[in-house]
Amino acid sequence: KRLFVAVELSSADKAEVARLMEELRGMQQCQELGKVLKWVNPENIHLTLKFLGNTDVQRIQELKDQLETEVNGLELEPFTLLASGLGTFGKKGSPSVLWLGLGRSCQASLKALSQAAARGCSGFGDSKDTKGFNAHVTLARIQLRGSRGKGPSKELKSALQRLDSLTSQPELGKRKPEDAGPKGHGTQLPEISLSTKVQGISLIESELLQGGPKYTTLCFFPLNPEP
């Protein structure tokens, strides 16, 4: 099974992220990219702590036991998620992923969770991912396939660079004067307020289907479980 460990967002926060995505869709920087920008299904929004990849079904109970041990050993109280700003993965001027950062006052708690997840998943899965933890939820992916070996056009390159400009503001809900248009009005980044109370982490199965990935929660590991 293809597995990952994540913090699941509340239904209210999924709706809040969906609203943010809709506002971003209407912004010129995103409209210019058109179908190149593939938006994530809001129902699938989550905060990945550790991606395992394909995992031996016969060892899943062993994995659950190891994760439970690590989470039980944390001295961590439940906490609320906070959004920070927008960001991208990929080369400067050629982003591949647009994401919403999570952190600020909850950054240390999220890092502790990610470290516990990494220890709990040690020895499982076939993922070779060695990137450091970056607390975020993916909003959209930039897919440039179909150009038959040719690079993006000059117009598309310019649009990608303008998308990058959205991510230089550390907080949402701020005006960016450097993006001022002909009349001097800067881009107003959307605001977002999250309310998910993080009370544990989940082991989730990912099935890659034709209509998009399907996620199924296999097990939930609570912080400070009842004795």
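Residues numbered from 1 in each chain as written. Predicted model: local features only at pLDDT ≥ 70, side-chain atom pairs only at ≥ 80, totals over all residues. Heavy atoms only, no water.

Taken together, four strands build an open sheet; the order of strands is 3-1-11-12 and the sheet is antiparallel. Only two strands of the sheet have a single neighbouring strand rather than two, namely strand 3 (46-54) and strand 12 (212-222). For this sheet the average axis-to-axis angle between neighbouring strands, irrespective of direction, equals 25 degrees. Here four bridges tie strand 1 (residues 2-8) to strand 11 (residues 200-209), and the two strands are oriented antiparallel to one another. Bridging across to strand 11, Phe4 finds its partner in Ile204. Against the sheet, helix 3 (residues 60-72) contacts strand 1, strand 3, strand 11 and strand 12, and its axis sits at roughly 55 degrees relative to strand 12. Seen against the sheet, helix 4 (residues 107-121) touches strand 1, strand 3 and strand 11 and runs at an angle of roughly 15 degrees to strand 3. (Pairing = 2+ DSSP bridges. Helix = DSSP H or I, 4+ residues; strand = E, 2+ residues; numbered from the N terminus. Axes fitted to C-alpha atoms, helices over the stretch in contact; angles between N-to-C directions. Contact = heavy atoms within 4.5 Å.)

Here the largest pocket is characterised by a volume of approximately 1200 Å³. The wall of the largest pocket is formed by 37 residues, among which His46, Thr48, His136, Thr138 and Arg141 lie closest to the centre. With five residues, strand 3 is the single largest residue contributor to the lining of the largest pocket. When the residues that make up the lining of the largest pocket are grouped by side-chain class, the tally is 14 nonpolar, 16 polar and seven charged. (1 Å grid on protein atoms, 1.4 Å probe; cavity = no way out; pocket = protein on both sides within 12 Å on 5 of 7 lines; lining within 4 Å. Points joined across faces, edges and corners; volume = space filled by probe spheres on them. Nonpolar A, V, L, I, M, F, W, Y, C, P; charged D, E, K, R; others polar.)

Right, let's talk about the pairing of strand 6 (residues 94-102) for a bit. Taking burial as the measure, the nine residues of strand 6 include seven buried ones, the bulk of the element. The hairpin turn running from strand 5 (residues 83-91) into strand 6, its antiparallel successor, is two residues long, and Gly93 in that turn takes a positive phi close to 85 degrees. Here strand 6 runs beside strand 7 (residues 136-142); their pairing, made up of five bridges, is antiparallel. Across the sheet, Trp99 pairs through a bridge with Thr138, a residue of strand 7. (Buried < 20%, exposed > 50% of the residue type's maximum accessible area, 1.4 Å probe, protein only.)

Our next topic: the packing of helix 3 against helix 4. A pair of packed helices is characterised by two quantities: the angle between their axes and the separation of those axes. In the contact formed by helix 3 and helix 4, the axes pass within 8 Å of each other and the chain directions differ by 145 degrees. In terms of crossing hand, the pair formed by helix 3 and helix 4 is right-handed. Mapping the contact onto sequence places Leu63, Gln66, Leu67 and Glu70 in helix 3 and Ala116, Ala117, Arg119, Gly120 and Cys121 in helix 4. When its residues are assigned to classes, the contact of helix 3 with helix 4 shows five nonpolar, two polar and two charged. (Left-handed = near helix turned anticlockwise from the far one by under 90°.)

The next thing to look at is the side chain of Thr196. Relative to the helices and strands, Thr196 resides in the loop between strand 9 (187-188) and strand 10 (197-198). Contacts of Thr196, omitting those with residues within four sequence positions, involve Glu8, Leu9, Ser10, Asp13, Phe79, Thr80 and Leu81.

Here we take up the pattern of salt bridges. Under the definition given, this model contains six salt bridges. We note a salt bridge from Glu16 to Arg19, for which the minimum N-O separation is 3.0 Å. Of this pair, Glu16 and Arg19 both sit in helix 1 (residues 11-25), three residues apart, roughly one helical turn. The exposure class of Arg19 is partly exposed, given its relative accessible area of 30%. Between Glu70 and Arg119 there is a salt bridge, and its shortest N-O distance comes to 2.8 Å. Note that Glu70 is positioned in helix 3 and Arg119 in helix 4, a separation of 49 residues in sequence. Judged by its relative accessible area of 40%, Arg119 falls in the partly exposed class. (Salt bridge = Lys/Arg side-chain N within 4 Å of Asp/Glu carboxyl O.)

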